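Residues per chain, in single letters:
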Amino acid sequence: MTLLPSPHLVYLGVTRRCGPVTPIHLLVSIVIIVACICGFVLVKPDLIVIRVDENAIRAKDFQLAGVFRGLVPVTDQVDVIIGHCPSISCTASALHVYAESAAETAKICVNGNILFNGTKTEEGIALIVINTFTETADIPHFFHSGTEVVQFLKSVKENRMVVLVGNGNMSETLNLEARFALEKLGSSMVHVLRGMDTWAFIGLVGTTSISLYEVMESPTARDGASRADPAIFDQCIPKKFDNAKVLGRSHLKFCLQHKEKYGEFCRPTWSPPSAPTVSPTSFLTDTFPIVLIAGDRAWYLWQVLASLYSAPGFILSNLIVFQDGHSPETFEVARQFGVRLIAYPEANSKHSEQADRIAMHYKRSLDTLWEMYPEQEYVIVLEDDLIVAPDFFDYFHQIVPVLRADTSLFSASSWNDNGFPHSSIDSTMIYRTDFFPGLGWLLSKKWWLQIVEPTWPTCCMGRYWDWNLRAALKERGLDTLYPDVSRSYYIGNLGANADPKVFWRYFQERRMTRDQHHQLANLDELIGTEAYSLLLADLIVHATPVDHSRDPCNTDYFISPGFKNLVLYYEQEEPGDFKQAFALAKCFNLYWDKDIVPGSFRGVIRIHYWGNQLLIVGSQSAFARKLKPKDVKPFKIT
């Protein structure tokens, strides 16, 4: 019963819709089967597929059901199918698989033989299993619920190819358990199926990598008013799946095309790294899902993945790469590292603006994450241009108890906007800020539901998601924790928001921790806005005011041996006036951009400047109104 090479198929169906099963039905079926097996027909079929009414079997109306090897009862809607599908020529080591999912129909074909041909009358999942060693296919299976899919897949042996198409509204059919089960077969899209999407997928039982054989289409509008284009897969599939060999060949092919771009990743000696299994401290007691927002910058992604693998506390199964659109390079890098990848169809024309597309991708990625892990308390949010420090996970696990203890804290970030070599030095020091830094941050489900999701920008405002979020946090009076020395390093000199000139000026020279553990020193001081304000007030009172008659841009004034605690006041017309703060940021070679005042807390910016702790205080802030000496005239740079 080989699938090769003849294109013929005999499909017999016995159902209640044909009336009661009579001895004549049985006799005709047996004669045809015996004739086929014994070679008494003119054309020997490749595959005999027999479909029997499940209820008839249950009622023992069809007594010969157990005779046929591999027989599995399916739905009672049966047609006799003798026909062909589109066919292409494949090598002897491959099978031609055609899988189509459309709004009205669904079809599965192998080597030109129609194995399933469904219509709109039934919604669900059609699935066939192919034994690539014996080149035989099981009969089609049709499922109306995710539970049925899960139970069936448990019975399928390893190294069996599974071809699956959806008919109708698959998102209603597939529950969360079924989506995880299909992800284990290599699907990178099953978690994002929505509404009337169309989807065709070929996976392998027992695989350890993402399937290359998957396609999904989405409606142009997500309100259900429109239908998606058909999802069609039409390709030669290798019969023998060997993950190591497949990955090796695809890595070689990839590097022949891109070796100049990928450096170490394309060296002959490269192999996927092993994630650390032993944590360096006792702090790594919690594990959090990691959302890695990705696009088409695979040359950055491989560096980010390599840094994650090198960070103690990293758990591979916790990482999910959410890809916007289908970038073959990004897809291949993810496969080589063995990470979980969820790929969305490219944003439609309504989201052509970069800000809208990025916001849409962030939103749907986080939506999907919380659907996958509804019980998780926190998630780490990364982007595909952020390398992480060796103590990245150690840092967050020390910070989490502070977040849990203080309801006025929104998040913790791994990034210090002012973390330059000349303005950050203490790897144990943590600050509070009323400016959300992002760039590697911890998000709680509580704040996601209460603040982030409700304030997310809708299409098509042309606003970046973090602008809306910062406004919402300011309105709520919520703060973020961030380190003096960053636990992440930004490498994105190319991308939607990247400006190479800005990158080389502000991001090329950054300080990041290099050790696996730093005991954070001031965690108790961070709990509570009032307590932190009292801490800052005490530091300001005991700080030495700089000479406000001198030019603050003369850095020689600050470069001197020994640690000092200095305070500098700048002119403000009102509490929200940061014009002089921008001027000082330029002067001190700190980060500034438009209306952004990173690192500020109620008008105070706290940095280490050339080894000195420097407090930069706005003259209209509550701190200056209470604590500024009367003889100090705030700086006003003209």
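A. Inspection of the overall build of the protein at higher detail. Regarding its fold elements, the protein presents 16 helices and 27 strands. Considering only intrachain contacts with a sequence separation of at least 6, the fraction spanning at least 24 residues in the protein is 73%. Accessible area of the protein: about 28,200 Å², with a carbon and sulfur share of 54%.

B. Quick look at the side chain of Ser 621. With respect to the secondary-structure elements, Ser 621 resides in the loop between β27 (612–618) and α16 (622–627). Using a relative accessible area of 5% as the deciding quantity, one classes Ser 621 as buried.

C. Quick peek at helix α10 (residues 392–405). In this model α10 runs 21 Å from its N-terminal to its C-terminal C-alpha over 14 residues, within 8% of the 20 Å that 1.5 Å per residue would give. The largest bend in α10 amounts to roughly 30° and is located at Ile 399, with the proline Pro 401 lying one to four residues further along. Counting buried positions over the 14 residues of α10 gives 11, a clear majority of the element. Among the residues making up α10, those that are buried are Phe 392, Phe 393, Asp 394, Tyr 395, Phe 396, His 397, Gln 398, Ile 399, Val 400, Val 402 and Leu 403.

D. A look at the sheet that holds strand β5 (residues 113–119). The antiparallel open sheet is built from four strands, whose spatial order is β5-β4-β3-β12. Sheet topology places β5 and β12 (231–238) at the edges, where each strand pairs with a single neighbour. Going from strand to strand, the sheet's axes swing by 10° on average, the running direction of each strand aside. Note that strand β4 (residues 105–110) and β5 share six bridges and pair antiparallel. Within β5, the residue paired with Ala 106 across the bridge is Gly 118.

E. Representation of the nonpolar core. Of all hydrophobic cores here, the largest spans 148 residues; its most connected members are Trp 199, Leu 292, Leu 308, Val 333, Phe 410, Leu 443 and Ile 616. Counting residues per element, this core draws most heavily on α10, which supplies eight residues. With 23 residues, the next largest nonpolar core counts Leu 95, Met 161, Val 163 and Ile 202 among its residues.

F. Region of the structure containing the state of the cysteines. Counted by the stated rule, this structure contains three disulfides. Note on cysteine connectivity: Cys 255 is disulfide-linked to Cys 266, with sulfurs 2.1 Å apart. Measuring handedness by torsion sign, the sulfur bridge of Cys 255 and Cys 266 sits at about -80° and is left-handed. Linking Cys 255 in helix α6 (residues 243–262) with Cys 266 in the loop between α6 and β13 (290–294), this pair joins segments that are 11 residues apart in sequence. As far as burial versus exposure is concerned, Cys 255 and Cys 266 are alike and both buried. The disulfide that involves Cys 553 links it to Cys 587, with 2.0 Å between the sulfurs. Taken together, the positions of Cys 553 in the loop between β23 (544–545) and β24 (565–570) and Cys 587 in helix α15 (residues 579–587) put the pair 34 residues apart, joining distant regions of the chain. Of the residues examined, Cys 553 reaches a relative accessible area of 35% and is grouped as partly exposed. Since its relative accessible area comes to 12%, Cys 587 is described here as buried.

G. Representation of the pattern of salt bridges within the structure. A full pass over the atoms with the stated rule returns 17 salt bridges. Among the ionic pairs, Arg 297 bridges to Asp 384, the shortest N-O distance being 2.7 Å. Note that Arg 297 is positioned in the loop between β13 and α7 (298–309) and Asp 384 in the loop between β16 (378–383) and β17 (386–388), a separation of 87 residues in sequence. For the pair Arg 297 and Asp 384, a shared accessibility class is recorded, and that class is buried. A salt bridge links Glu 453 to Lys 363, with the nearest nitrogen and oxygen atoms 3.7 Å apart.

Cut-offs applied
- Residues numbered from 1 in each chain as written.
- Predicted model: local features only at pLDDT ≥ 70, side-chain atom pairs only at ≥ 80, totals over all residues.
- Heavy atoms only, no water.
- Helix = DSSP H or I, 4+ residues; strand = E, 2+ residues; numbered from the N terminus.
- Contact = heavy atoms within 4.5 Å.
- Areas by Shrake-Rupley, 256 points an atom, 1.4 Å probe, with all protein chains shown as cover.
- Buried < 20%, exposed > 50% of the residue type's maximum accessible area, 1.4 Å probe, protein only.
- Expected span 1.5 Å × (residues − 1).
- Bend = angle between axes of the 7 residues up to and from the residue.
- Pairing = 2+ DSSP bridges.
- Axes fitted to C-alpha atoms, helices over the stretch in contact; angles between N-to-C directions.
- Core = buried A, V, L, I, M, F, W, Y, C linked by side-chain atoms within 4.5 Å.
- Disulfide = S-S within 2.5 Å.
- Salt bridge = Lys/Arg side-chain N within 4 Å of Asp/Glu carboxyl O.

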